[in-house]
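# Coordinate inspection notes
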Amino acid sequence: METPTSRSLWHIEQSHFDPQNQRHWETVFTIGNGVFCARGVFEEGYRGEERAAFMHGLFDDVPIHFTELVNLPDALELELFLAGERFSLEQGTLLEFHRRLDLRTGLLERRIRWRSPQGRTTRLHFQRFISLADPHLMLIRFSIHPLDYQGQVEIRAGLNGETDNLQFKHWEWQDQATSPAQARLTCITRKTHLTVALGTYLHIESQADVEREGWDVRNHPVLVARTQVSPEQPVSGEKIVYLYSNRETANPAQIVQARLTQTNAPLWDKAWLAHAIAWQREWEACDVIIEGDEEAQQAVRFSIFHLLIAAPRQDERVSIGAKTLSGYGYRGHVFWDTEIFMLPLFTYTRPEIARNLLSYRWHTLEGARRKARRNGYKGAQYPWESAATGDEVTPTWVPHFADPTQLIRIWTGDIEIHISADIAYAIRQYWQATGDDTFMRERGAEIILDTARFWASRAEWNPDLERFEYTDVIGPDEYHDHVDNNAYTNYLARWHLNTALEILEWLKSHFPETYADLAQRLELTPEELAYWQKVIAHLYCPLDAQTGLIEQFEGYFQRKDVLMADLEPRNVSVQVLFGIEGANQTQAIKQPDVLMLLYLLPDQFSTEVVKANYDYYTPRTDHTFGSSLGPSIQAIMACRVGRPQEAYEHFMRAARADLENVRGNAEDGIHGASAGGVWQAVVFGFAGLQVSDSGWSLKPTLPSHWKRVAFKFMWRGQPIYVEATPQNPSQTHEVSP
Ligand code: BGC
């Protein structure tokens, strides 16, 4: 992977063809519009590529029972034959190659000078964008400029329904229509019967005659155009693609057909304008400026870009999966990554999107209720991994990382229960930042209250110690499973129950009808509410008054002590080094757990407690090979204890997660939580934004070489522009729009 010496602050660039790392680049160069995203594969296709595009909400099942986002039929396909020779970078000589993603607009382009095996040289230029203004439109523009020959070019633009998900085929052909300039294809998923319809129109700009043909190959219609080119007469064209699913409209094929009927001319210039304006608005809301550090500046924009292209703007029944819409990793499933790591960016800059993401949890409440019922609890228990319905979709068994013939039991879907509190936390945070009472009244309250019921019914009374407990759980640190009284879980559960009571009081005084309705529907009897109070009062939430330490779970301090420094050098995670059980027996942790708690509930802990726990847990955390969720939080906590340089190291680990593939798995998709964490680390860490119900303040702790951090956030409907500089670290000013 090349590392640029000087960076463009708005572009990601690649200056050579890199087939070994092509899947990594495909992830990096993913573009999209919050409805669908396409990985940055080359139009003409190569062996070993991970050719995939995903649309929100299009899940289908795989036997034996798991569900995944379906790789769409391929609409990027564009094959060129230059004077009879197939254009392919694997043949001939590549004289020039340059690929560039413009983060401002999501324009992906490629410039090439290529000499064919028979010695003909051509300059080629490809551009593509997925429209942010027209959510069902993708455009590819290309130009073919022969430098030393003349002859015929043949352009083949297909729609290919023969795609699969890592060898599993979800699509069945349903229907198609092909004419010389237009093609349409409709496919349906095998199990969930979701339909997707694609249409394409091929426009060719040539001074010579254009001969056209439509190959009506079943499930793979192709538009073919032939014309003459020469150095004086280059050719250009557009492949216009429309894409609809039956999640949005009853008859997607009909709409695609109607749009095709209206398309008989190039569209790029007109569509580009609307698209670029839409992007400009996004960046006006979300951009973060870092002066004095080009790498950090580029990385923060790259992170925001990838969250923006995955963010549903028109759809409140979908959410962003852990790997966004950029790869197969985690099969498109939604985790706490969304609410705790990605959502704050949206809550504070694009609250409408945050509202959609939270509404997804409201629409999937029934699944969460089913999970609680199945486990014998009341209320709603959110799944650790969620897809279309809110039912638990975490795989129970997966192949062992070292020996794929063995299976590992995955317990997170059974016992990583903190997710319900994480969702409540995100709702409360959204409400605090936006003051959106309507959302809280109509949706948020129901979620918070029904999940509070779960917490109360899940709490176990320990008669010997006269306290409530949560035993047999997994906290954020997944190196340890089946633990009792994970501090993060217990504190968050207590916070959740308290918040539920606060919301009930608020409803009672402001919206008595909603209060009465919810109390009745959720069976919130006075006895039940009294029981919540009892759980709150007696829930075990550890804190050693003498040392200030919070034990991550009961017995953690008795486990074998392991400091990361003593394991150097290593290039694998602690779990790979010691084995799953081995790691479980140590104090090594995969990601911040107690520190995560201190981050989320700052009001509950003193500076001394934060310092003591920071010092204890930091050297025991697998920052390099543990979870990608860790470094950004670690950076924020380092800022809170006044160590900006240390914070910077952690921050850059998060910032490089995908751009430099620091974990070696970026090909599976963007680490969405890390991307959200990068934004949080700048805003809540270095700039030190602190919020409470009564307002916000800034307490910057900038790394020594940063000259300025500036960003905008929304507070109760008002834009606030802030900047922090090292000259006056405690001074900030609000700039009017
Ligand atoms: C992390 C979890 C995270 C999941 C999905 C795991 O490796 O430990 O915290 O939710 O990945 O990103």
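Below, the structure is looked at part by part. (Residues numbered from 1 in each chain as written. Predicted model: local features only at pLDDT ≥ 70, side-chain atom pairs only at ≥ 80, totals over all residues. Heavy atoms only, no water.)

## Describing the overall build of the protein
Counting secondary structure elements, the protein contains 19 helices and 28 strands. Since a compact globule built from 737 residues should have a radius of gyration of about 27 Å, the 27 Å found for the protein is in line with a globular shape. Dimensions of the protein along its principal axes, counting C-alpha atoms only, are 90 × 60 × 55 Å. A separation threshold of at least 6 residues defines the contact pool for the protein, and within that pool the share at least 24 residues apart is 67%. Roughly 27500 Å² of accessible area belongs to the protein as shown, and the carbon and sulfur atoms make up 48% of that amount. Computed over 71 positive and 97 negative side-chain charges, the separation of the two mean positions in the protein equals 3 Å. (Helix = DSSP H or I, 4+ residues; strand = E, 2+ residues; numbered from the N terminus. Rg over C-alpha atoms; globule rule 2.2 N^0.38 Å. Contact = heavy atoms within 4.5 Å. Areas by Shrake-Rupley, 256 points an atom, 1.4 Å probe, with all protein chains shown as cover. Lys, Arg positive; Asp, Glu negative; His and termini not counted. Charge placed at Lys NZ, Arg CZ, Asp CG, Glu CD.)

## Looking at the sheet that holds strand β7 (residues 85-86)
Pairing in this open sheet of 5 strands is antiparallel, and the strands run β7-β6-β12-β17-β16 from one edge to the other. A strand with exactly one partner marks an edge of an open sheet, and here the two such strands are β7 and β16 (211-215). Relative to strand β17 (residues 222-229), strand β12 (residues 151-158) runs antiparallel, the two being bridged by 8 bridges. Paired with Gly-158 across the bridge in β17 is Val-222. (Pairing = 2+ DSSP bridges.)

## Quick word on the site of the ligand
Inspection of the region around the ligand gives Ala-322, Tyr-330, Phe-335, Trp-336, Asp-337, Trp-384, Glu-478, Lys-590, Gln-591, Ser-627 and Leu-629 as its neighbouring residues. With respect to the ligand, the side chain of Tyr-330 contributes an N or O atom lying 3.1 Å from an oxygen atom. Between the ligand and the protein, one listed contact pairs an oxygen atom with a side-chain N or O atom of Lys-590 at 2.8 Å. Contact with the protein chains hides 91% of the accessible area of the ligand, taken as 310 Å² for the molecule alone. By residue class, the composition of the shell around the ligand is 6 nonpolar, 2 polar and 3 charged. (Near = heavy atom within 4 Å. Polar contact = N/O pair within 3.5 Å; in protein donor to acceptor, adjacent residues only side chain to side chain. Nonpolar A, V, L, I, M, F, W, Y, C, P; charged D, E, K, R; others polar.)

## Topic: the pairing of strand β19 (residues 288-291)
Where burial is concerned, the two faces of β19 differ: the one with Val-288 and Ile-290 is buried and the one with Ile-289 and Glu-291 is not. Relative to strand β26 (residues 708-715), β19 is paired through 4 bridges, and the arrangement is antiparallel. Looking at β26, one finds that Ile-289 is bridged to Ala-710. (Buried < 20%, exposed > 50% of the residue type's maximum accessible area, 1.4 Å probe, protein only.)

## Some words on the side chain of Ser-386
By secondary structure assignment, the location of Ser-386 is in the loop between α7 (365-374) and β20 (397-399). A distance of 2.6 Å separates the side chain of Ser-386 from the side chain of Tyr-360, its partner in a polar contact. Excluding anything up to four places from it in sequence, Ser-386 contacts His-333, Val-334, Tyr-360, Arg-361, Asp-391 and Val-393.

## Regarding the packing of helix α10 (residues 437-458) against helix α12 (residues 512-521)
As a packed pair, α10 and α12 sit with axes 11 Å apart at the nearest point and diverge in direction by 35 degrees. Pair α10 / α12 crosses with right-handed handedness. Here α10 contributes Arg-441, Ala-445, Glu-446 and Leu-449 to the contact with α12, which in turn contributes Thr-514, Leu-518 and Arg-521. Classifying every residue of the contact of α10 with α12 by side-chain character gives 3 nonpolar, 1 polar and 3 charged. (Axes fitted to C-alpha atoms, helices over the stretch in contact; angles between N-to-C directions. Left-handed = near helix turned anticlockwise from the far one by under 90°.)

## Some words on the packing of aromatic side chains
Given two aromatic rings, their pairing is described by the distance between the two centres and the angle made by the two planes. What the rule picks out here adds up to 46 aromatic pairs. Arranged with centres 5.5 Å apart and planes meeting at 55 degrees, the rings of Phe-17 and Tyr-46 form a pair that is tilted. Of the two residues, Phe-17 is situated in the loop between β1 (11-14) and α1 (22-28) and Tyr-46 in the loop between β3 (36-38) and β4 (53-62); the sequence distance between them amounts to 29 residues. Ring centres of Phe-651 and Phe-686 lie 5.3 Å apart, and the angle between their planes is 90 degrees; on these two criteria the pair is classed as edge-to-face. With a gap of 35 residues between them, Phe-651 in helix α18 (residues 644-655) and Phe-686 in helix α19 (residues 672-686) connect regions that are remote in the sequence. A network of ring pairs unites the aromatic residues Tyr-330, Phe-335, Trp-336, Phe-341, Trp-384 and Tyr-488 as a single cluster. (Phe/Tyr/Trp six-rings, centres within 6.5 Å; stacked < 30°, edge-to-face > 60°.)

## Let's talk about the nonpolar core
In terms of nonpolar packing, the biggest core is built from 211 residues, with Ile-155, Trp-336, Phe-346, Leu-449, Trp-532, Phe-651 and Trp-706 touching the most fellow members. Element by element, the count of residues in this core is highest for helix α11 (residues 487-510), at 13 residues. In contact with Leu-449, other than residues within four places in its own chain, are Ala-500, Leu-504, Leu-507, Leu-518, Leu-522, Leu-524 and Trp-532. Listed in part, the 16 residues of the second largest apolar core include Leu-139, Val-256, Leu-267 and Ala-271. (Core = buried A, V, L, I, M, F, W, Y, C linked by side-chain atoms within 4.5 Å.)

## A closer look at the environment of Gln-381
Within the secondary structure, Gln-381 is located in the loop between α7 and β20. Distance from Gln-381 to Arg-369, taken between C-alpha atoms, is 6.1 Å for residues 12 residues apart in sequence. Beyond its immediate sequence surroundings of up to four residues, Gln-381 is in contact with Ala-368, Arg-369, Lys-371, Ala-372, Asn-375, Ile-417, Ser-420 and Phe-454. Of note is the side chain of Gln-381, whose polar atom sits 3.0 Å from the side chain of Asn-375.

## Section: the sheet that holds strand β9 (residues 107-115)
Pairing is antiparallel in the open sheet, where 9 strands are placed in the order β1-β8-β9-β10-β11-β18-β15-β14-β13. Each of the sheet's edge strands pairs with one partner strand only, and the pair in question is β1 and β13 (171-178). Between one strand and the next, the sheet's axes are offset by a mean angle of 15 degrees, whatever the strand orientation. Both β13 and strand β14 (residues 182-189) contribute to a ladder of 7 bridges, which runs antiparallel. If you follow Ala-177 over to β14, its bridge partner there is Arg-184.

## Quick notes on unusual backbone geometry
Note: most peptide bonds trans; most residues except glycine with negative phi. Between Glu-568 and the following residue, Pro-569, the backbone shows a cis peptide bond with an omega angle of -10 degrees. By the element assignment, Pro-569 lies in the loop between α13 (526-538) and α14 (574-584). Despite not being glycine, Glu-523 shows a phi value in the positive range, around 55 degrees. Within the secondary structure layout, Glu-523 lies in the loop between α12 and α13. Residue Glu-523 is classed as exposed on the basis of its relative accessible area of 51%.

## Quick word on the side chain of Glu-68
As for its position among the elements, Glu-68 is in strand β5 (residues 66-71). If near-sequence neighbours (up to four positions away) are discounted, Glu-68 is found in contact with Leu-58, Phe-59, Asp-60, Val-62, Asn-165, His-170 and Arg-331.

## A short note on helix α17 (residues 630-640)
Burial within α17 is extensive, with 10 of its 11 residues counted as buried. By the burial criterion, the buried members of α17 are Gly-630, Pro-631, Ser-632, Ile-633, Gln-634, Ala-635, Ile-636, Met-637, Ala-638 and Cys-639. Its buried side turned inward, α17 meets α5 (336-349), α15 (594-600), α16 (607-617), α18 and α19. Once α17 ends, the next one or two residues include Gly-642, with phi positive near 75 degrees.

## Quick word on α12
Of all the positions in α12, only Thr-514, Tyr-515, Leu-518 and Ala-519 are classed as buried. The buried residues of α12 occupy an angular sector of 125 degrees when projected down its axis, which confines them to one face. Pointing more than 90 degrees away from the buried face of α12 are the exposed residues Glu-513 and Gln-520. Once α12 finishes, Glu-523 follows within two positions and takes phi at roughly 55 degrees, a positive value. (Arc of directions from axis to C-beta.)

## Remarks on the environment of His-333
Residue position: His-333 is located in the loop between α4 (294-310) and α5. Residue His-333 is classed as buried on the basis of its relative accessible area, which comes to 2%. When the C-alpha atoms of His-333 and Gly-321 are compared, they prove to be 4.9 Å apart, with 12 residues separating the residues in sequence. Look past the residues within four positions of His-333 in its chain and what remains in contact with it is Phe-59, Thr-67, Gly-321, Ala-322, Glu-385, Ser-386, Ala-387 and Val-393. A polar contact of 2.6 Å, which involves the side chain of His-333, links it to the backbone oxygen of Thr-67.

Purely geometric numbers; function is a separate question.
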